[in-house]
Amino acid sequence: MASLSFFSPEQLLTGLGVLSVLWLCLKAAWSLAQGLRIYVLSHVWKGVDVASYGPWAVVTGATAGIGKAYAHELARRGLNVVLISRSLEKLEQVATEIEEQHGRSTKVIQADFTHGLEIYESIQASLQGLEIGILVNNVGHVISKPLCFLDVDNADKCIDDLVHCNMLSTAKMTQIVLPQMVARKKGIIINMSSVLGRRPFPMSIMYSGTKTFDDFFSRALDIEYRPKGIIVQSVLPLFVNTNMTSHYRKFLMSTSETFAHKALNTVGIASRTSGCLSHSFQYLLMNKLFPDWLHLTSLGTWLVHRISNLLMHK
Ligand SMILES: NC(=O)c1ccc[n+]([C@@H]2O[C@H](COP(=O)([O-])OP(=O)(O)OC[C@H]3O[C@@H](n4cnc5c(N)ncnc54)[C@H](OP(=O)(O)O)[C@@H]3O)[C@@H](O)[C@H]2O)c1
(Lines give C-alpha, C1' and ligand atoms only; values in the text may rest on other atoms or scores of the structure.)
Protein backbone atom coordinates (compact mmCIF):
# COMPACT_ATOMS: atom_id res chain seq x y z
CA MET A 1 0.00 0.00 0.00
CA ALA A 2 2.84 2.31 1.04
CA SER A 3 4.80 1.75 -2.22
CA LEU A 4 1.66 2.20 -4.40
CA SER A 5 1.19 5.61 -2.87
CA PHE A 6 4.35 6.71 -4.79
CA PHE A 7 2.21 6.63 -7.95
CA SER A 8 -0.80 8.74 -8.63
CA PRO A 9 -3.94 6.98 -10.04
CA GLU A 10 -3.17 8.64 -13.42
CA GLN A 11 0.37 7.20 -13.44
CA LEU A 12 -0.95 3.72 -12.54
CA LEU A 13 -3.51 3.86 -15.37
CA THR A 14 -0.86 5.07 -17.85
CA GLY A 15 1.44 2.23 -16.75
CA LEU A 16 -1.35 -0.31 -17.26
CA GLY A 17 -2.09 1.17 -20.71
CA VAL A 18 1.59 0.94 -21.76
CA LEU A 19 1.79 -2.67 -20.54
CA SER A 20 -1.38 -3.58 -22.47
CA VAL A 21 -0.08 -2.02 -25.69
CA LEU A 22 3.26 -3.80 -25.23
CA TRP A 23 1.42 -7.11 -24.68
CA LEU A 24 -0.68 -6.61 -27.85
CA CYS A 25 2.45 -5.69 -29.87
CA LEU A 26 4.27 -8.79 -28.59
CA LYS A 27 1.27 -10.98 -29.44
CA ALA A 28 1.06 -9.50 -32.97
CA ALA A 29 4.83 -9.92 -33.48
CA TRP A 30 4.66 -13.55 -32.29
CA SER A 31 1.74 -14.34 -34.67
CA LEU A 32 3.59 -12.67 -37.55
CA ALA A 33 6.79 -14.61 -36.80
CA GLN A 34 4.83 -17.87 -36.59
CA GLY A 35 3.03 -17.10 -39.88
CA LEU A 36 6.37 -16.35 -41.56
CA ARG A 37 7.90 -19.60 -40.28
CA ILE A 38 4.90 -21.75 -41.25
CA TYR A 39 3.96 -20.30 -44.62
CA VAL A 40 6.99 -18.45 -46.02
CA LEU A 41 10.21 -19.87 -44.58
CA SER A 42 8.88 -23.46 -44.80
CA HIS A 43 9.43 -23.16 -48.56
CA VAL A 44 13.19 -23.36 -48.00
CA TRP A 45 13.33 -24.56 -44.36
CA LYS A 46 10.94 -27.52 -44.22
CA GLY A 47 9.57 -28.85 -40.95
CA VAL A 48 10.61 -32.45 -41.57
CA ASP A 49 12.11 -34.66 -44.25
CA VAL A 50 8.99 -36.75 -44.91
CA ALA A 51 10.98 -39.55 -46.54
CA SER A 52 12.89 -40.17 -43.31
CA TYR A 53 9.72 -41.43 -41.55
CA GLY A 54 9.46 -44.67 -43.52
CA PRO A 55 9.47 -45.84 -47.15
CA TRP A 56 5.68 -45.95 -47.72
CA ALA A 57 2.89 -43.37 -47.64
CA VAL A 58 -0.80 -44.25 -47.67
CA VAL A 59 -3.28 -41.80 -49.19
CA THR A 60 -7.07 -42.24 -49.10
CA GLY A 61 -9.11 -40.66 -51.90
CA ALA A 62 -5.96 -40.65 -54.01
CA THR A 63 -7.17 -40.59 -57.62
CA ALA A 64 -8.26 -36.95 -57.90
CA GLY A 65 -7.98 -33.52 -56.33
CA ILE A 66 -6.04 -32.97 -53.12
CA GLY A 67 -5.41 -36.69 -52.46
CA LYS A 68 -3.88 -37.24 -55.90
CA ALA A 69 -1.74 -34.11 -55.44
CA TYR A 70 -0.46 -35.37 -52.03
CA ALA A 71 0.30 -38.77 -53.58
CA HIS A 72 2.38 -37.16 -56.36
CA GLU A 73 4.12 -34.74 -53.98
CA LEU A 74 5.02 -37.53 -51.52
CA ALA A 75 6.40 -39.66 -54.36
CA ARG A 76 8.37 -36.64 -55.60
CA ARG A 77 9.84 -36.38 -52.08
CA GLY A 78 11.00 -40.01 -52.22
CA LEU A 79 8.14 -42.14 -50.86
CA ASN A 80 6.41 -45.16 -52.36
CA VAL A 81 2.66 -44.67 -52.28
CA VAL A 82 -0.38 -46.82 -51.50
CA LEU A 83 -3.38 -45.31 -53.29
CA ILE A 84 -6.90 -46.03 -52.00
CA SER A 85 -10.09 -45.05 -53.88
CA ARG A 86 -13.19 -46.58 -55.48
CA SER A 87 -12.29 -46.80 -59.17
CA LEU A 88 -9.67 -49.41 -60.12
CA GLU A 89 -9.20 -47.82 -63.52
CA LYS A 90 -8.36 -44.40 -62.02
CA LEU A 91 -6.15 -46.03 -59.37
CA GLU A 92 -4.10 -47.82 -62.00
CA GLN A 93 -3.81 -44.66 -64.07
CA VAL A 94 -2.50 -42.58 -61.12
CA ALA A 95 -0.17 -45.43 -60.08
CA THR A 96 1.34 -45.53 -63.57
CA GLU A 97 1.76 -41.73 -63.60
CA ILE A 98 3.57 -41.82 -60.24
CA GLU A 99 5.86 -44.68 -61.25
CA GLU A 100 6.74 -43.01 -64.56
CA GLN A 101 7.11 -39.44 -63.28
CA HIS A 102 8.83 -40.06 -59.92
CA GLY A 103 10.30 -43.58 -60.23
CA ARG A 104 8.67 -44.76 -56.98
CA SER A 105 6.71 -47.97 -56.30
CA THR A 106 2.95 -47.94 -55.83
CA LYS A 107 0.25 -50.26 -54.57
CA VAL A 108 -3.44 -49.77 -55.22
CA ILE A 109 -6.34 -50.74 -52.97
CA GLN A 110 -9.87 -50.50 -54.29
CA ALA A 111 -12.27 -49.60 -51.49
CA ASP A 112 -15.43 -47.57 -51.06
CA PHE A 113 -15.34 -45.73 -47.73
CA THR A 114 -19.12 -45.22 -47.75
CA HIS A 115 -19.46 -48.98 -47.09
CA GLY A 116 -18.53 -48.52 -43.44
CA LEU A 117 -16.79 -51.03 -41.18
CA GLU A 118 -16.80 -53.95 -43.64
CA ILE A 119 -13.89 -52.65 -45.79
CA TYR A 120 -11.17 -52.28 -43.14
CA GLU A 121 -10.22 -55.94 -42.64
CA SER A 122 -9.25 -56.21 -46.29
CA ILE A 123 -7.44 -52.82 -46.25
CA GLN A 124 -5.47 -53.96 -43.20
CA ALA A 125 -4.55 -57.22 -44.94
CA SER A 126 -3.38 -55.34 -48.05
CA LEU A 127 -1.15 -53.06 -45.97
CA GLN A 128 0.44 -56.00 -44.12
CA GLY A 129 4.24 -55.97 -44.30
CA LEU A 130 4.59 -52.36 -45.53
CA GLU A 131 6.62 -49.95 -43.38
CA ILE A 132 4.32 -46.94 -43.43
CA GLY A 133 5.84 -43.57 -42.56
CA ILE A 134 2.91 -41.34 -43.54
CA LEU A 135 -0.85 -41.71 -43.59
CA VAL A 136 -2.93 -39.05 -45.33
CA ASN A 137 -6.60 -39.35 -44.33
CA ASN A 138 -7.92 -37.32 -47.22
CA VAL A 139 -11.08 -39.02 -48.50
CA GLY A 140 -14.14 -36.86 -47.98
CA HIS A 141 -17.76 -36.56 -48.99
CA VAL A 142 -19.83 -33.39 -49.29
CA ILE A 143 -23.43 -32.45 -50.13
CA SER A 144 -23.03 -30.35 -53.24
CA LYS A 145 -25.18 -27.38 -52.19
CA PRO A 146 -25.94 -25.69 -48.86
CA LEU A 147 -29.26 -26.97 -47.47
CA CYS A 148 -31.14 -27.08 -44.17
CA PHE A 149 -30.76 -30.39 -42.36
CA LEU A 150 -34.22 -31.80 -43.27
CA ASP A 151 -34.11 -30.54 -46.89
CA VAL A 152 -31.35 -32.90 -48.01
CA ASP A 153 -32.56 -35.49 -50.57
CA ASN A 154 -32.05 -39.11 -49.64
CA ALA A 155 -31.09 -38.04 -46.11
CA ASP A 156 -30.49 -41.55 -44.71
CA LYS A 157 -27.83 -42.33 -47.30
CA CYS A 158 -26.34 -38.85 -47.08
CA ILE A 159 -25.89 -39.04 -43.31
CA ASP A 160 -24.38 -42.54 -43.57
CA ASP A 161 -21.98 -41.53 -46.36
CA LEU A 162 -20.78 -38.40 -44.58
CA VAL A 163 -20.19 -40.21 -41.29
CA HIS A 164 -18.47 -43.20 -42.94
CA CYS A 165 -16.33 -41.23 -45.40
CA ASN A 166 -15.36 -38.22 -43.30
CA MET A 167 -15.11 -39.61 -39.76
CA LEU A 168 -15.03 -43.42 -39.63
CA SER A 169 -12.34 -43.58 -42.34
CA THR A 170 -10.07 -41.25 -40.35
CA ALA A 171 -10.45 -43.20 -37.11
CA LYS A 172 -10.20 -46.68 -38.66
CA MET A 173 -7.24 -45.93 -40.96
CA THR A 174 -5.44 -44.40 -37.99
CA GLN A 175 -6.24 -47.47 -35.88
CA ILE A 176 -4.73 -49.70 -38.59
CA VAL A 177 -1.54 -47.71 -39.22
CA LEU A 178 -0.68 -46.10 -35.88
CA PRO A 179 0.51 -49.26 -33.98
CA GLN A 180 3.45 -49.86 -36.35
CA MET A 181 4.37 -46.15 -36.18
CA VAL A 182 4.33 -46.26 -32.37
CA ALA A 183 6.48 -49.42 -32.44
CA ARG A 184 9.05 -47.59 -34.61
CA LYS A 185 8.66 -44.37 -32.58
CA LYS A 186 8.07 -42.30 -35.72
CA GLY A 187 5.30 -41.51 -38.15
CA ILE A 188 3.17 -38.76 -39.64
CA ILE A 189 -0.62 -38.68 -39.85
CA ILE A 190 -2.25 -35.91 -41.88
CA ASN A 191 -6.02 -35.47 -41.54
CA MET A 192 -7.95 -33.40 -44.08
CA SER A 193 -10.47 -31.30 -42.24
CA SER A 194 -11.87 -28.06 -43.71
CA VAL A 195 -12.41 -24.42 -42.82
CA LEU A 196 -16.02 -25.53 -42.32
CA GLY A 197 -14.76 -27.66 -39.43
CA ARG A 198 -13.50 -24.63 -37.52
CA ARG A 199 -16.97 -23.63 -36.30
CA PRO A 200 -20.61 -24.60 -36.81
CA PHE A 201 -21.85 -23.92 -40.36
CA PRO A 202 -25.64 -23.76 -40.66
CA MET A 203 -26.78 -25.12 -44.08
CA SER A 204 -23.78 -27.49 -44.15
CA ILE A 205 -24.36 -29.04 -40.73
CA MET A 206 -23.32 -32.61 -41.44
CA TYR A 207 -20.21 -31.74 -43.48
CA SER A 208 -19.15 -29.10 -40.97
CA GLY A 209 -19.77 -31.45 -38.02
CA THR A 210 -17.81 -34.32 -39.56
CA LYS A 211 -14.91 -32.01 -40.42
CA THR A 212 -14.89 -30.72 -36.83
CA PHE A 213 -14.49 -34.34 -35.76
CA ASP A 214 -11.42 -34.65 -38.05
CA ASP A 215 -9.92 -31.50 -36.53
CA PHE A 216 -10.60 -32.39 -32.88
CA PHE A 217 -9.48 -35.99 -33.46
CA SER A 218 -6.16 -34.77 -34.95
CA ARG A 219 -5.43 -32.22 -32.26
CA ALA A 220 -6.09 -34.61 -29.39
CA LEU A 221 -4.22 -37.46 -31.12
CA ASP A 222 -1.23 -35.16 -31.64
CA ILE A 223 -1.08 -34.48 -27.90
CA GLU A 224 -1.43 -38.18 -27.01
CA TYR A 225 1.17 -39.48 -29.47
CA ARG A 226 3.65 -36.60 -29.97
CA PRO A 227 5.72 -37.91 -26.99
CA LYS A 228 5.84 -41.29 -28.80
CA GLY A 229 7.41 -39.72 -31.90
CA ILE A 230 4.26 -39.33 -34.01
CA ILE A 231 3.33 -36.06 -35.74
CA VAL A 232 -0.40 -35.53 -36.32
CA GLN A 233 -1.47 -32.60 -38.46
CA SER A 234 -4.95 -31.18 -39.02
CA VAL A 235 -5.29 -29.40 -42.39
CA LEU A 236 -8.23 -26.99 -42.76
CA PRO A 237 -8.26 -25.67 -46.34
CA LEU A 238 -10.58 -23.12 -47.91
CA PHE A 239 -11.29 -23.48 -51.64
CA VAL A 240 -9.03 -25.80 -53.65
CA ASN A 241 -9.79 -26.35 -57.34
CA THR A 242 -11.01 -29.98 -57.49
CA ASN A 243 -14.08 -32.00 -58.55
CA MET A 244 -15.60 -31.19 -55.16
CA THR A 245 -15.57 -27.46 -55.93
CA SER A 246 -16.25 -27.70 -59.68
CA HIS A 247 -19.61 -25.90 -59.31
CA TYR A 248 -17.86 -22.85 -57.79
CA ARG A 249 -16.14 -20.04 -59.66
CA LYS A 250 -12.33 -20.33 -59.59
CA PHE A 251 -12.03 -17.05 -57.66
CA LEU A 252 -9.19 -17.26 -55.04
CA MET A 253 -8.87 -21.03 -55.48
CA SER A 254 -5.52 -22.80 -55.12
CA THR A 255 -4.66 -25.65 -57.46
CA SER A 256 -4.48 -28.98 -55.66
CA GLU A 257 -0.81 -29.39 -56.69
CA THR A 258 0.27 -26.04 -55.24
CA PHE A 259 -1.81 -26.66 -52.14
CA ALA A 260 -0.36 -30.12 -51.45
CA HIS A 261 3.21 -28.88 -52.01
CA LYS A 262 2.82 -25.93 -49.63
CA ALA A 263 0.82 -27.84 -47.01
CA LEU A 264 3.40 -30.65 -46.89
CA ASN A 265 6.13 -28.08 -46.19
CA THR A 266 4.29 -27.16 -42.96
CA VAL A 267 4.33 -30.70 -41.49
CA GLY A 268 6.33 -30.69 -38.27
CA ILE A 269 5.97 -26.91 -37.91
CA ALA A 270 2.20 -26.54 -37.53
CA SER A 271 -0.06 -29.18 -36.02
CA ARG A 272 -3.12 -27.25 -37.22
CA THR A 273 -2.94 -25.29 -40.47
CA SER A 274 -4.93 -23.74 -43.31
CA GLY A 275 -2.25 -25.28 -45.53
CA CYS A 276 -0.88 -22.22 -47.29
CA LEU A 277 -0.46 -18.46 -46.90
CA SER A 278 -3.38 -17.44 -49.12
CA HIS A 279 -5.80 -19.74 -47.26
CA SER A 280 -4.50 -18.46 -43.95
CA PHE A 281 -5.17 -14.84 -45.04
CA GLN A 282 -8.61 -15.75 -46.37
CA TYR A 283 -9.43 -17.41 -43.05
CA LEU A 284 -8.26 -14.34 -41.11
CA LEU A 285 -10.41 -12.10 -43.32
CA MET A 286 -13.39 -14.41 -42.96
CA ASN A 287 -13.04 -14.28 -39.17
CA LYS A 288 -12.88 -10.47 -39.19
CA LEU A 289 -15.89 -10.09 -41.53
CA PHE A 290 -17.90 -12.80 -39.80
CA PRO A 291 -17.00 -12.95 -36.11
CA ASP A 292 -18.91 -15.63 -34.16
CA TRP A 293 -21.47 -13.13 -32.84
CA LEU A 294 -22.54 -12.47 -36.47
CA HIS A 295 -21.75 -15.82 -38.06
CA LEU A 296 -23.91 -17.78 -35.62
CA THR A 297 -27.09 -15.80 -36.27
CA SER A 298 -29.83 -16.03 -38.92
CA LEU A 299 -28.47 -12.83 -40.52
CA GLY A 300 -24.93 -14.25 -40.62
CA THR A 301 -26.21 -17.51 -42.11
CA TRP A 302 -28.18 -15.61 -44.76
CA LEU A 303 -25.10 -13.52 -45.65
CA VAL A 304 -22.82 -16.57 -45.90
CA HIS A 305 -25.45 -18.28 -48.05
CA ARG A 306 -25.71 -15.23 -50.38
CA ILE A 307 -21.91 -15.06 -50.76
CA SER A 308 -21.68 -18.78 -51.42
CA ASN A 309 -24.44 -18.44 -54.10
CA LEU A 310 -22.48 -15.62 -55.73
CA LEU A 311 -19.40 -17.86 -55.85
CA MET A 312 -21.34 -20.66 -57.56
CA HIS A 313 -21.73 -21.03 -61.31
CA LYS A 314 -25.27 -20.24 -62.42
N1 LIG B 1 -11.63 -28.98 -52.51
C2 LIG B 1 -11.76 -28.14 -51.51
O3 LIG B 1 -11.91 -26.92 -51.71
C4 LIG B 1 -11.69 -28.63 -50.10
C5 LIG B 1 -11.74 -27.68 -49.07
C6 LIG B 1 -11.67 -28.12 -47.77
C7 LIG B 1 -11.53 -29.47 -47.49
N8 LIG B 1 -11.50 -30.39 -48.51
C9 LIG B 1 -11.35 -31.80 -48.15
O10 LIG B 1 -10.28 -32.35 -48.89
C11 LIG B 1 -10.51 -33.72 -49.16
C12 LIG B 1 -10.33 -34.01 -50.63
O13 LIG B 1 -11.24 -33.23 -51.36
P14 LIG B 1 -11.12 -33.02 -52.93
O15 LIG B 1 -11.73 -31.71 -53.20
O16 LIG B 1 -9.75 -33.33 -53.39
O17 LIG B 1 -12.12 -34.16 -53.46
P18 LIG B 1 -12.30 -34.76 -54.95
O19 LIG B 1 -11.57 -33.95 -55.96
O20 LIG B 1 -13.76 -34.96 -55.11
O21 LIG B 1 -11.56 -36.17 -54.86
C22 LIG B 1 -12.05 -37.14 -54.03
C23 LIG B 1 -11.16 -38.37 -54.07
O24 LIG B 1 -11.69 -39.31 -53.16
C25 LIG B 1 -12.09 -40.49 -53.85
N26 LIG B 1 -13.36 -40.89 -53.27
C27 LIG B 1 -14.50 -40.19 -53.25
N28 LIG B 1 -15.45 -40.89 -52.60
C29 LIG B 1 -14.87 -42.03 -52.19
C30 LIG B 1 -15.33 -43.17 -51.49
N31 LIG B 1 -16.58 -43.25 -51.08
N32 LIG B 1 -14.48 -44.18 -51.24
C33 LIG B 1 -13.19 -44.12 -51.68
N34 LIG B 1 -12.70 -43.07 -52.35
C35 LIG B 1 -13.53 -42.05 -52.61
C36 LIG B 1 -12.21 -40.08 -55.31
O37 LIG B 1 -11.88 -41.15 -56.20
P38 LIG B 1 -12.94 -42.24 -56.77
O39 LIG B 1 -14.07 -41.44 -57.31
O40 LIG B 1 -12.16 -43.01 -57.75
O41 LIG B 1 -13.30 -43.07 -55.60
C42 LIG B 1 -11.11 -39.04 -55.40
O43 LIG B 1 -9.86 -39.70 -55.54
C44 LIG B 1 -11.91 -34.02 -48.64
O45 LIG B 1 -11.82 -34.61 -47.37
C46 LIG B 1 -12.55 -32.65 -48.53
O47 LIG B 1 -13.55 -32.62 -47.55
C48 LIG B 1 -11.58 -30.00 -49.80
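Residues numbered from 1 in each chain as written. Predicted model: local features only at pLDDT ≥ 70, side-chain atom pairs only at ≥ 80, totals over all residues. Heavy atoms only, no water.

Participant: Before we move on, could you go through the overall build of the chain and cite the residues and values that matter?
Facilitator: Tallying secondary structure elements over the chain gives 10 helices and 9 strands in all. A principal-axis box enclosing the C-alpha atoms of the chain has dimensions of 80 × 50 × 30 Å. In the chain, which comprises 314 residues, the proportion classed as buried is 43%. With 29 positive and 23 negative side-chain charges, the chain shows a spacing of 8 Å between the two charge centroids. (Helix = DSSP H or I, 4+ residues; strand = E, 2+ residues; numbered from the N terminus. Buried < 20%, exposed > 50% of the residue type's maximum accessible area, 1.4 Å probe, protein only. Lys, Arg positive; Asp, Glu negative; His and termini not counted. Charge placed at Lys NZ, Arg CZ, Asp CG, Glu CD.)

Participant: Before we move on, could you go through the pairing of strand β4 (residues 132-137) and cite the residues and values that matter?
Facilitator: Among the 6 residues in β4, 6 count as buried, and that is most of the element. Examined bridge by bridge, strand β1 (residues 56-60) and β4 share 4 bridges and lie parallel to one another. Paired with W56 across the bridge in β4 is I132. As defined by bridge partners, β4 adjoins strand β5 (residues 187-192) across 4 bridges and the pair is classed as parallel. Its bridge partner lying in β5, V136 is registered against I190. With helix α5 (residues 155-184) bridging β4 and the parallel β5, this β-α-β connection has right-handed handedness. (Pairing = 2+ DSSP bridges. Right-handed = clockwise from strand over helix to strand, strands pointing away.)

Participant: Could you give me a rundown of the side chain of S42, with the residues and numbers involved?
Facilitator: On the secondary structure map, S42 appears in the loop between α1 (9-40) and β1. According to the relative accessible area criterion, S42 is buried, its value standing at 2%. Looking at S42, its side chain comes within polar contact range of the main-chain oxygen of I38, at 2.6 Å. Excluding anything up to four places from it in sequence, S42 contacts R37, N265, T266 and I269. (Polar contact = N/O pair within 3.5 Å; in protein donor to acceptor, adjacent residues only side chain to side chain. Contact = heavy atoms within 4.5 Å.)

Participant: Break down the packing of aromatic side chains for me, with residues and values.
Facilitator: As enumerated under the stated definition, the model contains 3 aromatic pairs in all. Here F113 and Y120 contribute two aromatic rings whose centre-to-centre distance is 6.2 Å and whose plane-to-plane angle is 50 degrees, an arrangement assigned as tilted. Here F113 and Y120 have matching classes, each one buried. Ring geometry for F213 and F217: centres 5.5 Å apart, planes at 25 degrees, overall stacked. (Phe/Tyr/Trp six-rings, centres within 6.5 Å; stacked < 30°, edge-to-face > 60°.)

Participant: So what's going on with helix α7 (residues 256-265)? Which residues, and what values?
Facilitator: Listing the buried residues of α7 in full gives S256, F259, A260, A263, L264 and N265. Summarising the contacts, the buried residues of α7 are in contact with α2 (65-76), β5, β6 (230-235), β7 (240-241), β8 (254-255) and α8 (277-289).

Participant: Residue-level account of the site of the ligand, with values.
Facilitator: Looking at the ligand, there are 31 residues lining it, with T63, N138, Y207, V240 and T242 nearest. K211 places a side-chain nitrogen or oxygen 2.8 Å from an oxygen atom of the ligand. Coverage of the ligand by the protein chains reaches 94% of its 890 Å² of free accessible surface. Contributing elements (two or more residues each) for the shell around the ligand: α2 and α6 (205-225). Taken together, the residues of the shell around the ligand sort by class into 14 nonpolar, 13 polar and 4 charged. (Near = heavy atom within 4 Å. Areas by Shrake-Rupley, 256 points an atom, 1.4 Å probe, with all protein chains shown as cover. Nonpolar A, V, L, I, M, F, W, Y, C, P; charged D, E, K, R; others polar.)

Participant: I'd like a rundown of the state of the cysteines, residues and numbers included.
Facilitator: Throughout the structure, instances matching the rule amount to 0 disulfides. The cysteine C165 is free of any disulfide, with C158 supplying the nearest cysteine sulfur at 11 Å. The exposure class of C165 is buried, given its relative accessible area of 6%. (Disulfide = S-S within 2.5 Å.)

Participant: Residue-level account of the sheet that holds β4, with values.
Facilitator: With parallel pairing, the 7 strands of this open sheet are ordered in space as β3-β2-β1-β4-β5-β6-β9. Strands with a single pairing partner mark the edges of an open sheet, and in this sheet they are β3 (106-110) and β9 (272-273). For β6 and β9, the ladder comprises 2 bridges, and the chain directions are parallel. Residue S234 lies in a different strand from β9, and its bridge partner there is R272. Contacting β1, β2 (80-85), β4, β5 and β6, α2 crosses the sheet at an angle of about 170 degrees to β1. Against the sheet, α5 touches β1, β2, β4, β5 and β6, its axis set at about 165 degrees to β4. (Axes fitted to C-alpha atoms, helices over the stretch in contact; angles between N-to-C directions.)

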